[in-house]
Amino acid sequence: MTTTYAALLRGINVGGSRKVPMAELRTLLTGLGHDGVRTYLQSGQVVFTADHGDEESLAAELASAIEKHFGFALDVIVRDHAYLRAIADNCPFPAAELEPKQLHVTYFSAPVDADRFAEIDRAAHLPEEFRLGDRALYLYAPNGLGRSKLAEILSRPRFNKGLIATSRNWNTVVKLVEMTGDRT
């Protein structure tokens, strides 16, 4: 049985470093035996089908292949369509009523609990808010991510220690659900 996945690559093609051309990335995944390989934007989203492995083993396989091919280590999270659909469906904020730039999801490599973020004074950052989901954190930043003080705090290493964490805006969240659900 084949499963459709999205691989989320952390921190590529930003500021002129860690360049990963999307055409090369597609070729790399095809060479690993994956089908239906498609990329979205230049910021590290690739959709593919696989008939073997699980999310963790596929992420490790892809990270290793990227390091070998491009010459640098890269964090990768792989998630299947069902997970991505659940993340979109279970958004605790009214996504349909918000501008996509106001809503972001940080995907984590493992589950997180509220204790990890207990020291953050949530009231001090209102109207910005965050809520936890299944291996994810939803961030509502009404003035956008670039101006968000809460996003800056949430990205500090102590809150993500021991995890791979990579964020996507709501447009990308929705697009990955569409792309992984589209079997054509």
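Our subject in this report is the structure included herewith. (Residues numbered from 1 in each chain as written. Predicted model: local features only at pLDDT ≥ 70, side-chain atom pairs only at ≥ 80, totals over all residues. Heavy atoms only, no water.)

**Section: the sheet that holds strand β8 (residues 165-169)**
1) Next: Across the sheet, which stays open at both edges, the 4 strands sit in the order β6-β7-β5-β8 with antiparallel pairing between neighbours. Lying at the two open borders of the sheet, with one neighbouring strand each, are β6 (129-133) and β8. Across the sheet, the axes of successive neighbouring strands diverge by a mean angle of 20°, strand direction being ignored.
2) Next: With 5 bridges connecting them, β6 and strand β7 (residues 136-140) associate as antiparallel partners. Within the sheet, the bridge partner assigned to F130 lies in β7 and is L139.
3) Next: Contacts between helix α6 (residues 170-181) and the sheet are confined to β5 (103-108), β7 and β8, with β8 contributing the most and set at about 95° to the helix. (Pairing = 2+ DSSP bridges. Helix = DSSP H or I, 4+ residues; strand = E, 2+ residues; numbered from the N terminus. Axes fitted to C-alpha atoms, helices over the stretch in contact; angles between N-to-C directions. Contact = heavy atoms within 4.5 Å.)

**Digging into α6**
1) Next: When the terminal C-alpha atoms of α6 are compared, their 17 Å separation across 12 residues agrees well with the 16 Å that a helix rising 1.5 Å per residue should span.
2) Next: Turning to α6, its buried residues number three or more, namely W170, T172, V173, L176, V177, M179 and T180.
3) Next: Structurally, the start of α6 carries an N-cap: the backbone nitrogen of N171 is 3.1 Å from a side-chain oxygen of N169. (Expected span 1.5 Å × (residues − 1). Buried < 20%, exposed > 50% of the residue type's maximum accessible area, 1.4 Å probe, protein only. Polar contact = N/O pair within 3.5 Å; in protein donor to acceptor, adjacent residues only side chain to side chain.)

**Here's the deal with the pairing of strand β2 (residues 35-40)**
1) Next: In the sheet, β2 pairs with strand β3 (residues 45-50) via 4 bridges, with the strands oriented antiparallel. Bridge pairing in β3 places Y40 opposite Q45.
2) Next: Count of turn residues in the β2/β3 antiparallel hairpin: 4 residues, of which L41 carries a positive phi of about 60°.

**Focus: the packing of aromatic side chains**
1) Next: A complete count under the given rule lists 6 aromatic pairs for this structure.
2) Next: Both rings, one in Y83 and one in Y107, keep their centres 6.4 Å apart while their planes meet at 55°; by these two values the pair is tilted. Taken together, the residues Y83 in helix α3 (residues 81-89) and Y107 in strand β5 connect sequence positions 24 residues apart. By the burial criterion, Y83 is buried, and Y107 matches it.
3) Next: Clustering of aromatic rings is evident, with ring pairs tying together F117, F130 and F159.
4) Next: Sitting over the ring of Y83, R79 keeps its end group 5.3 Å from the ring centre. (Phe/Tyr/Trp six-rings, centres within 6.5 Å; stacked < 30°, edge-to-face > 60°. Lys NZ or Arg CZ within 6 Å of the ring centre and 35° of its normal.)

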